[in-house]
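Fold and geometry: a report
Residue-level listing of the chains:
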Amino acid sequence: MPTGFEDKLVVAISSRALFNLDESHRVFESHGLDAYQQYQIEHEDEILEPGEAFGIVERLLQLNELLDRARVEVILLSRNSADTGLRVFNSIEHYGLSISRAAFSGGESPYRYVSAFGCHLFLSTHAEDVRRALDNGVAAATLMPRTNKSNHSQRRELRFAFDGDAVLFSDEAERVFKQQGLQAFAASEAAAADRPLSGGPFKPFLAALNVLQSEFSSDDPPIRTALVTARSAPAHKRVIRTLREWNIRIDESLFLGGLDKAEFLRAYGADVFFDDQQGHVESASQHVSAAHVPHGIANANSDDVTASSTDEAAAQQTQNNK
């Protein structure tokens, strides 16, 4: 991590996640790179509309104001060149966002700078960049557009929601189910109830978020976290004991036993939800900002990201218990 970033929560954001660049992207797809570059230069004084991650970034940066010191650093990572990226920085300045560091990679993937900046999280709309960041050990997710924009929260509090297996935790439990079936999964989790799960790609981000949370009063904290998992009793025991072993606190834990997560995420008021299952991300995006984490056995085949998982196991177990 660069000198001076050691005590900071560092979040990298792509320009298309921060701002709505759909129009200029259509120019690129229809007319090519040269037309895109010319379009951006001609419109560089036109302010861009906020993108899917704008509210998240805005409230992350507001945490610095609440603490009266810089504890959060947001880095812009963009496939633009610095020349075409001027419009993005003009928009950053217009909205008063405290973002001063950026990497413009001129058409190449900017993922290689995620580790160089020491980022805890990378949010992008480009799935391949996200996959490469994950492969390099950084929590990363592909943001999907919300279906209902009117549900966007205007509060200052920032609420994160995480799936468990293959996101906060490793995919070891999902692998047992995928390869051996429901009974083997249930037996394995019961036998391993006292053995902590290995960490998943988002464990370091949650740990860094936990440290930041501890700097605020517990009476009215500006950050709140939730675990939203399809696990249910008795498979919940291993999850709880794992978080205890990590010394990481989760504010709310929802063990849904296979129920659809979307309504619960709406009730919780998640600002962003991270899940490894594409189908669950699409469902959640009806109500909240949702991001796909292309990690683990459910994403081993990129053409079948909705493959069976522990969520299906939980759903089957729910039916068996009726």
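Throughout what follows, the structure given in this document is the object of discussion. (Residues numbered from 1 in each chain as written. Predicted model: local features only at pLDDT ≥ 70, side-chain atom pairs only at ≥ 80, totals over all residues. Heavy atoms only, no water.)

Within the chain one finds 14 helices and ten strands. Taken across its 322 residues, the chain has 53% of its residues classed as buried. Expressed as a percentage of contacts within the chain between residues at least 6 apart in sequence, the contacts between residues at least 24 apart total 75%. Carbon together with sulfur atoms contributes 45% to the accessible area of the chain, which is approximately 14400 Å² in total. (Helix = DSSP H or I, 4+ residues; strand = E, 2+ residues; numbered from the N terminus. Buried < 20%, exposed > 50% of the residue type's maximum accessible area, 1.4 Å probe, protein only. Contact = heavy atoms within 4.5 Å. Areas by Shrake-Rupley, 256 points an atom, 1.4 Å probe, with all protein chains shown as cover.)

To continue, consider the packing of aromatic side chains. Enumeration according to the criterion identifies 13 aromatic pairs in this entry. Note on Phe 19 and Phe 54: the rings are 6.2 Å apart at their centroids and 45° apart in plane angle, and the pair reads as tilted. Placement of Phe 19 in the loop between α1 (15-18) and α2 (22-31) and of Phe 54 in helix α4 (residues 54-67) is noted, with a sequence separation of 35 residues between them. Pair check on accessibility: Phe 19 and Phe 54 agree, each one buried. With centroids separated by 5.6 Å and ring planes inclined at 25°, the aromatic side chains of Phe 162 and Phe 274 adopt a geometry described as stacked. Taken together, the positions of Phe 162 in strand β6 (residues 158-162) and Phe 274 in strand β9 (residues 272-275) put the pair 112 residues apart, joining distant regions of the chain. Phe 274 matches Phe 162 in its accessibility class, with the two residues each being buried. Taken together, the ring pairs in this structure connect Phe 160, Phe 162, Phe 202, Phe 205 and Phe 274 into an aromatic cluster. (Phe/Tyr/Trp six-rings, centres within 6.5 Å; stacked < 30°, edge-to-face > 60°.)

On to the pattern of salt bridges, then. Applying the stated criterion to the full structure yields 24 salt bridges. The closest approach of N and O atoms between Arg 71 and Glu 215, which form a salt bridge, is 2.7 Å. Of this pair, Arg 71 sits in the loop between α4 and β2 (72-78) while Glu 215 sits in the loop between α10 (203-213) and β7 (223-229), placing them 144 residues apart in sequence. In this structure Arg 71 comes out as buried when scored by relative accessible area, which is 4%. By relative accessible area, which is 28% here, Glu 215 ends up partly exposed. (Salt bridge = Lys/Arg side-chain N within 4 Å of Asp/Glu carboxyl O.)

Another point: the sheet that holds strand β8 (residues 252-255). Spatially, the ten strands line up as an open sheet ordered β3-β2-β1-β4-β5-β10-β9-β6-β7-β8, and their pairing is mixed. On the outer flanks of this sheet lie β3 (101-104) and β8, each paired with one strand and no other. Averaged over all pairs of adjacent strands, the angle between their axes in this sheet comes to 25°, without regard to strand direction. For β6 and β9, the ladder comprises three bridges, and the chain directions are parallel. (Pairing = 2+ DSSP bridges. Axes fitted to C-alpha atoms, helices over the stretch in contact; angles between N-to-C directions.)

Before going further, it helps to examine the side chain of Asp 276. The topology assignment puts Asp 276 in the loop between β9 and α13 (278-284). At 6.2 Å, Lys 261 is the nearest oppositely charged side chain to Asp 276, a buried residue that forms no salt bridge. Among the polar contacts listed, one links the side chain of Asp 276 to the side chain of Gln 277, at a separation of 3.2 Å. (Lys, Arg positive; Asp, Glu negative; His and termini not counted. Polar contact = N/O pair within 3.5 Å; in protein donor to acceptor, adjacent residues only side chain to side chain.)

Residues Leu 18, Phe 160, Phe 202 and Phe 274 are the most contacted members of the largest nonpolar core, which totals 68 residues. Built from parts of two domains, this core gets at least three residues from each of domain 1 (9-143) and domain 2 (158-292). The residues touching Leu 18, leaving out its near neighbours within four places in the chain, are Ile 13, Pro 50, Gly 51, Phe 54, Val 57, Leu 76, Ile 92, Leu 97 and Ile 99. Judged by nonpolar contacts, the second largest core, of 14 residues, contains Val 228, Tyr 268, Val 288 and Ala 290. (Core = buried A, V, L, I, M, F, W, Y, C linked by side-chain atoms within 4.5 Å. Domains from an automatic or database assignment.)

Relative to the helices and strands, Glu 73 resides in strand β2. According to the relative accessible area criterion, Glu 73 is buried, its value standing at 8%. A distance of 2.8 Å separates polar atoms of two side chains, one belonging to Glu 73 and the other to Arg 101. Discounting residues that sit within four places of it in the chain, Glu 73 has contacts with Phe 5, Lys 8, Leu 9, Val 10, Val 11, Ser 100 and Arg 101.

Burial of strand β1 (residues 9-14) is extensive: six of the six residues sit out of reach of the surface. Of the two faces of β1, the one carrying Leu 9, Val 11 and Ile 13 and the one carrying Val 10, Ala 12 and Ser 14 are both buried. Here β1 runs beside strand β4 (residues 121-124); their pairing, made up of three bridges, is parallel. Looking at the pairing, Ile 13 lines up with Leu 123 of β4.

Here the focus is unusual backbone geometry. The residue after Ala 233, namely Pro 234, is reached through a cis peptide bond having omega 5°. As for its position among the elements, Pro 234 is in the loop between β7 and α11 (236-246). Although it is not a glycine, Asp 68 sits at a positive phi angle of roughly 60°. Despite not being glycine, Ala 166 shows a phi value in the positive range, around 75°. Locating Ala 166 in the fold gives a position in the loop between β6 and α8 (172-180).

Summarising the element assignment, Phe 5 is placed in the segment before β1. Spatially, the C-alpha atoms of Phe 5 and Arg 71 are 8.7 Å apart, while their sequence positions differ by 66 residues. Excluding residues within four positions of it along the chain, Phe 5 makes contact with Val 10, Glu 73, Ile 75, Arg 101 and Phe 117.

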